[in-house]
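Each chain, written out:
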Amino acid sequence: MTSSVQPLTDPVIVKYHEQYAALGTQLPGSEQGWVTSLRDQAMLVAARIGLPTRRVETWKYTDLRPIHRAEFSAVVASDVAAPQLDPYKLDDALIAVFVNGCFVPALSQLENLPEGLEFLSLADAFASGVKESLEGLGDVVELEQPGYAALNTVLMQDGGVCRIADNVSVEKPVQFIFVSTENSSAELHLRNLIVAGVNSKATVMQSFVSLGASSGFSDVVTEVILGQGANLRHVTHQDQSATAWHIGLIAARVGRDAQFDSFVLSSGARLARNEIRLRLDGEGADCSLNGIALVRDRQHCDNTTDVDHAISHCHSSQIYKNVLDNRAHTVFQGRVHVAPDAQKTDAHQMNRNLLLSRNAHADSKPELIIHADDVKCSHGATVGDLDQEALFYLQSRGIDPETARNMMVHAFAAELLEALPEDSIRPYLENAVSSWLENIVSVEEAA
Amino acid sequence: MLSIKNLHATVHGKEILRGVDLEIGAGEVHAIMGPNGSGKSTLSYVLSGREGYDVTDGEIIYNDKNLLELDVHERAGEGVFLAFQYPVEIPGVSSMSFLRTSLNSIRRYRGEEEISAVDFLKLVRATAKSLEMDDKLLQRPVNVGFSGGEKKRNEVLQMSLLEPSLAVLDETDSGLDIDALKAVADGVNALRAPDRSALVITHYQRLLSYIVPDFVHVLAQGKIAATGDKELALELEKNGYAMLGLEDTEAA
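Structural notes, computed from the coordinates. In this text the structure is predicted, and so the values were computed from the model without any measurement.

### Some remarks on the overall build of chain A
A count of helices and strands for chain A gives nine helices and 19 strands. Projecting the C-alpha coordinates of chain A onto the three principal axes gives extents of approximately 70 × 50 × 50 Å. Burial analysis of chain A (447 residues in total) assigns 59% to the buried set. Sequence separation of at least 24 residues holds for 82% of the intrachain contacts in chain A that already meet a minimum separation of 6. On chain A, roughly 17300 Å² of surface is accessible, and the fraction owed to carbon and sulfur atoms is 48%. Taken together, the 34 basic and 58 acidic charged side chains of chain A have centroids lying 6 Å from each other.

Next up, the structure:
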């Protein structure tokens, strides 16, 4: 274990450094030199850059200090009965279950994986000693990026590693369910890797849920690599306990003619950040990043995206919609960067915010940085409340005010939900939105 | 059935209705005509309970109930229906689920059983057909992408489904070509029954050739200025509101 050249002063980093030193050989993969060297290297970076304050541009609207102040426990084993997970499982899917951050094969449904689909837990992949099974790990995420990327690499403990072979189309969706047990206050560093081979096709969903109240912290990094012509759909459903903390990062590299679709439904956690950093790396690469955040009380939800059009003839589109009740706070920071040679780029982003309460607060910062001259780019943001005229129209047809309001909020989200492919994920997400709507309180307050 | 007495109402603090008196009996069709700005639409919104239209004096008794004490959706449940002058587009709300939610809300209010999905579909298709309305329109969100005439037909479709006991038509004829006007009038006439009444608000006599009223009232400066039968509408058409000493503010 190497130590940093400079003395550590940031108390948060000191704490993590001590934690890293103390865990030592308990960390998976510690018996393999390349893993330890990856972790050591990341520790050096983390020590150098620290964790971001709000003075860092990409963290301007999200304050990490409440997470630093909170006390977290070590991971504890906990029993979960299979039926407890039923509400969170997709129909007819290949399911990997992680309880408090640890893969639990007994709760998973991974029998009869189709040919060409490989699944391993990160810890098992480390333990196997077969370096090839982790090929790509650490290749996409930038350690220097302000946030938890470096610390996640230092402390990564488990997660899903999913590999789709060239020319393989996986029919069933693959679902990773990360479940926190009741009263869990653990700090989890989860790391996923999804590699979609040349001309492959698959759908991967990650669900973050809590069984009862928990106050844990999940730091999640997912690296995604799409080979030429690959088609990968990725769905995140973050519905953790409203007292939990969630910082997620998806780092993706999209190859030539490949298509990456991401959808994020975020309604849980006291503070949640869903960050996507993506590089369109080959001509014809295409991505669509959509998301819905549903927040209430004092919840804070930050959707931050960064799309790098590194090469010509690529397309990106982003629509993020936020519904805010009570004193909730949302952030949308969308950045599209078009490189000097990335001609014929087609990039669009839009953020819409629906405020159900006058005490809610939405920050929106769409940003285009364009260095090429032959491009089609657009961006925009709107903030508004419910259309009073439409509410009156619905009520004048006998519909009670609460149902009318729910119809209108659902309609706001419907544009994105209805664009989803008609598989088992769509009703899953529609149900999640509907059950959130049942608990809206602020109708009078907003009027 | 409907009894409006000395109704005063303000909009944004400005008094628009200044003592309206109106009695509508069961089965009667009343027309309200009047120059622009006379308070015709305000009266329709006050009847339906729109927020921002404040009643400062007077009363509205409807089937022995104080209408002013009821919420918007309760008035609809009691059988009051407003066909809007400018029906609103509601992106994201499907027409079919809107119509079904509406019909079932009203059925529940009346203590009736909800309609099954199959029966509902049959009912909507048959009603749309009778109004010569393309039922493909109903695959769209509420009023989204509808032409002016299609929006008005959609209002009459909703009226036919909900079978109100008091239909208030707010300038339903505006912007309609003759075919659409006839279809809308046929829809309204089909609903005529001894226990159902209608209040037809219009600026022109044209619609009243198809929906023949029992009484015609002229609303001016927030009050009923004249009452007569269908002949009054024809005279107004010929001589203009000036015959009553009123100025039509609309540039004709």
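Here the narrative resumes.
### Some thoughts on the side chain of A:Ser210
Here A:Ser210 lies in strand 7 (residues 201-210). Apart from residues lying up to four places away in sequence, A:Ser210 is in contact with A:Tyr88, A:Ser180, A:Asp239, A:Gln240 and A:Ser241.

### Looking at the sheet that holds strand 9 (residues 166-170) of chain B
Residue and element names in this part refer to chain B. What the six strands build is an open sheet, ordered 6-9-10-3-11-12; its pairing is mixed. The strands lining the two open edges of the sheet, one partner per strand, are strand 6 (80-83) and strand 12 (223-228). Averaged over all pairs of adjacent strands, the angle between their axes in this sheet comes to 20°, without regard to strand direction. In terms of strand pairing, strand 3 (residues 29-33) meets strand 10 (residues 197-201) through four bridges, oriented parallel. Among the inter-strand pairings, Val29 is bridged to a residue of strand 10, identified as Ala198.

### So, helix 1 (residues 11-23) of chain A
All names here are of chain A. With 13 residues, helix 1 extends 18 Å between its outermost C-alpha atoms, agreeing within 8% with the 18 Å of an ideal straight helix rising 1.5 Å per residue. Along helix 1, the residues classified as buried are Val12, Ile13, Tyr16 and Tyr20. Down the axis of helix 1, the buried side of the element spans an arc of 95°, and every buried residue falls inside it. Facing away from the buried side of helix 1 by more than 90 degrees, the exposed set consists of Pro11, Glu18 and Ala22. For helix 1, the secondary structure elements touched by its buried residues are helix 2 (33-49), helix 3 (65-69), helix 5 (149-155), strand 6 (187-196) and strand 8 (217-226). For helix 1, the capping residue at the N-terminal end is Asp10, with a side-chain oxygen 2.9 Å from the backbone nitrogen of Val12. Just beyond helix 1, the residue with positive phi is Gly24, at close to 40°.

### So, the nonpolar core
With 124 residues, the main nonpolar core has A:Phe263, A:Leu429, B:Ile4, B:Leu47, B:Ile90 and B:Phe98 as its most contacted residues. Considering every element that reaches this core, the biggest residue donor is helix 7 (residues 401-418) of chain A, with nine residues. Excluding anything up to four places from it in sequence, B:Ile90 contacts A:Ala390, A:Tyr393, A:Leu394, A:Met408, B:Pro141, B:Val142 and B:Val144. Formed by 44 residues, the second largest nonpolar core is a distinct cluster that contains A:Tyr16, A:Leu64, A:Phe72 and A:Leu155.

### Remarks on the interface of chain B and chain A
Contact with chain B, which involves 28 residues of that partner, is made by 19 residues of chain A. When chain B packs against chain A, the two sides together hide about 1900 Å² of surface, and 69% of this comes from carbon and sulfur. Taken together, chain B and chain A are joined by one salt bridge. Ionic pairing is found between B:Glu155 and A:Arg397, a salt bridge with its closest N-O pair at 2.7 Å. Counting across the interface, chain B meets chain A through seven residue pairs in polar contact (both at pLDDT 80 or more).

Each value, and the rule that gives it
Residues numbered from 1 in each chain as written. Chains lettered and ligands numbered in written order. Predicted model: local features only at pLDDT ≥ 70, side-chain atom pairs only at ≥ 80, totals over all residues. Heavy atoms only, no water. Helix = DSSP H or I, 4+ residues; strand = E, 2+ residues; numbered from the N terminus. Buried < 20%, exposed > 50% of the residue type's maximum accessible area, 1.4 Å probe, protein only. Contact = heavy atoms within 4.5 Å. Areas by Shrake-Rupley, 256 points an atom, 1.4 Å probe, with all protein chains shown as cover. Lys, Arg positive; Asp, Glu negative; His and termini not counted. Charge placed at Lys NZ, Arg CZ, Asp CG, Glu CD. Pairing = 2+ DSSP bridges. Axes fitted to C-alpha atoms, helices over the stretch in contact; angles between N-to-C directions. Expected span 1.5 Å × (residues − 1). Arc of directions from axis to C-beta. Polar contact = N/O pair within 3.5 Å; in protein donor to acceptor, adjacent residues only side chain to side chain. Core = buried A, V, L, I, M, F, W, Y, C linked by side-chain atoms within 4.5 Å. Buried area = accessible area lost by both parts, 1.4 Å probe. Salt bridge = Lys/Arg side-chain N within 4 Å of Asp/Glu carboxyl O.

Everything listed here is a matter of geometry and, on its own, says nothing about what the molecule does.
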